[in-house]
Amino acid sequence: MNPSSINWLAVVVAGISAFAVGGIWYSRGIFGNAWMADSKLTEDDIKQGNKGKIFGFTAVFSLLMAINLAMFLADSPGHITDLKWGATAGFLAGIWTFCAIAIHSLFELKSWRHIFINGGYSLVSLTLMGAIIGLWR
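Residues numbered from 1 in each chain as written. Predicted model: local features only at pLDDT ≥ 70, side-chain atom pairs only at ≥ 80, totals over all residues. Heavy atoms only, no water.

Enquirer: Could you give an account of the overall build of the chain, with specific residues and numbers?
Expert: Scanning the chain from terminus to terminus reveals six helices and zero strands. Start at the N end of the chain and walk to the C end: the helices and strands fall as α-α-α-α-α-α. Accessible surface, the chain as shown: approximately 8,200 Å² in total, 73% of it carbon and sulfur. Distance from the positive charge centre (9 side chains) to the negative charge centre (7 side chains) of the chain: 2 Å. (Helix = DSSP H or I, 4+ residues; strand = E, 2+ residues; numbered from the N terminus. Areas by Shrake-Rupley, 256 points an atom, 1.4 Å probe, with all protein chains shown as cover. Lys, Arg positive; Asp, Glu negative; His and termini not counted. Charge placed at Lys NZ, Arg CZ, Asp CG, Glu CD.)

Below, the structure written as C-alpha cells:
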C-alpha cells in the first residue's frame, strides 16, 4: 500500500456520499416506510432518537469506511486504481458488509426484506465510494 497515492479529499467526498445515498435510500419514497415497519419503529421513535449521536457516529463510520477502502485501493507496484477497479473493489467490500448484515439480521429474526434494504444500502454506498476514490486520482 502506498498512502501517498490516496487523495484525501476524495476520501472525504466518498464518506459524505454515504449520507446522500442514505438520505435517498431510506426516504419514504424509496425504502423508508418498509425499513421502519421491518425495524418495528414508529415516526415517534425516529423523532425521539438522538440526532447528534446518530448523524455524528454515522459521519465517523462513513469516513472510516472510505479511509479503509482508500487504503485497499492505494496503488501498489504494477496496479493502478481507476474508476472501474474502484467501483469493483467497493462492490466487493459491499458484499462483505451485506453478508455481515445478513448474518446479524438472521439471528435477530429480521425479514429478508429488511436484510436486502440494509444490505443493499451498504452495497450501493460502498460501490459509489470506490468509484469516487478510483475516479478522483
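Enquirer: Run through the side chain of S17, naming residues and quoting values.
Expert: Here S17 lies in helix α1 (residues 8-25). Filtering out sequence-adjacent residues up to four positions away, S17 remains in contact with L128, M129 and I132. (Contact = heavy atoms within 4.5 Å.)

Enquirer: If you had to explain a nonpolar patch on the surface to someone new, which residues and values would you point to?
Expert: On the surface, L9, V12, V13, I16, L63, L83, L135 and W136 cluster together into a nonpolar patch covering about 700 Å² of accessible area. Ranked by the residues each element gives to the nonpolar patch, the list is headed by α1, at four residues. Looking at the secondary structure, you find I16 in helix α1. Overall, the relative accessible area of 52% leaves I16 in the exposed class. (Patch = residues over 30% accessible without salt bridge, like charges linked within 9 Å, V, L, I, M, F, W, Y side chains within 5 Å. Salt bridge = Lys/Arg side-chain N within 4 Å of Asp/Glu carboxyl O. Buried < 20%, exposed > 50% of the residue type's maximum accessible area, 1.4 Å probe, protein only.)

Enquirer: Can you break down the nonpolar core residue by residue, with the values?
Expert: Grouped together as the largest cluster of nonpolar side chains are 20 residues, with contacts concentrated most on A14, L69, M129 and I133. Contributions of two or more residues to this core are made by α1, α4 (51-73), α5 (83-107) and α6 (112-135). Counting residues per element, this core draws most heavily on α6, which supplies six residues. What A14 contacts, discounting residues up to four positions off in sequence, is A66, M129, I132 and I133. (Core = buried A, V, L, I, M, F, W, Y, C linked by side-chain atoms within 4.5 Å.)

Enquirer: Outline the packing of aromatic side chains, supporting the account with residue identities and numerical values.
Expert: As enumerated under the stated definition, the model contains seven aromatic pairs in all. Relative to F116, the ring of W112 has its centre 6.1 Å away and its plane inclined at 40°; by these criteria the two rings are tilted. In this pair, W112 and F116 both sit in helix α6, four residues apart, roughly one turn of the helix. Looking at W112, the relative accessible area reads 51%, which means it is exposed. (Phe/Tyr/Trp six-rings, centres within 6.5 Å; stacked < 30°, edge-to-face > 60°.)

Enquirer: Any details on the environment of T81? Residues and values, ideally.
Expert: With respect to the helices, strands and loops of the structure, T81 is situated in the loop between α4 and α5. Using a relative accessible area of 2% as the deciding quantity, one classes T81 as buried. T81 sits 34 residues away from I115 along the chain, and the two C-alpha atoms are 31 Å apart. With residues up to four places along the chain from it excluded, the contact list for T81 reads L73, D75, G86, G134 and R137. At 2.5 Å, the side chain of T81 forms a polar contact with the backbone oxygen of L73. (Polar contact = N/O pair within 3.5 Å; in protein donor to acceptor, adjacent residues only side chain to side chain.)

Enquirer: Describe the confidence of the model for the chain, listing the residues and the values that go with them.
Expert: In this model, the chain carries a mean pLDDT of 94, and residues with pLDDT of at least 70 account for 97%. By mean pLDDT, helix α3 (residues 43-48) is the weakest element of the chain at 94, and α6 is the strongest at 98. (pLDDT = per-residue confidence, 0-100.)

Enquirer: An account of the layout of surface pockets is requested, with residue identities and associated values reported.
Expert: Roughly 1,200 Å³ of internal volume is contained in the largest pocket. If you go around the largest pocket, you meet 34 residues; those closest to its centre are Y26, W35, I54, T58 and Y121. Of all the elements in the fold, those that place two or more residues in the lining of the largest pocket are α1, α2 (32-38), α3, α4, α5 and α6. It is α4 that contributes the most residues to the lining of the largest pocket, eight residues altogether. Counted by class, the lining of the largest pocket contains 14 nonpolar, 14 polar and six charged residues. Taken as a whole, the second largest pocket encloses approximately 250 Å³ of empty space. Looking at the second largest pocket, the residues that line it are M65, N68, L69, F72, L73, W85, A89, L92, A93, W96, T97 and L126. (1 Å grid on protein atoms, 1.4 Å probe; cavity = no way out; pocket = protein on both sides within 12 Å on 5 of 7 lines; lining within 4 Å. Points joined across faces, edges and corners; volume = space filled by probe spheres on them. Nonpolar A, V, L, I, M, F, W, Y, C, P; charged D, E, K, R; others polar.)

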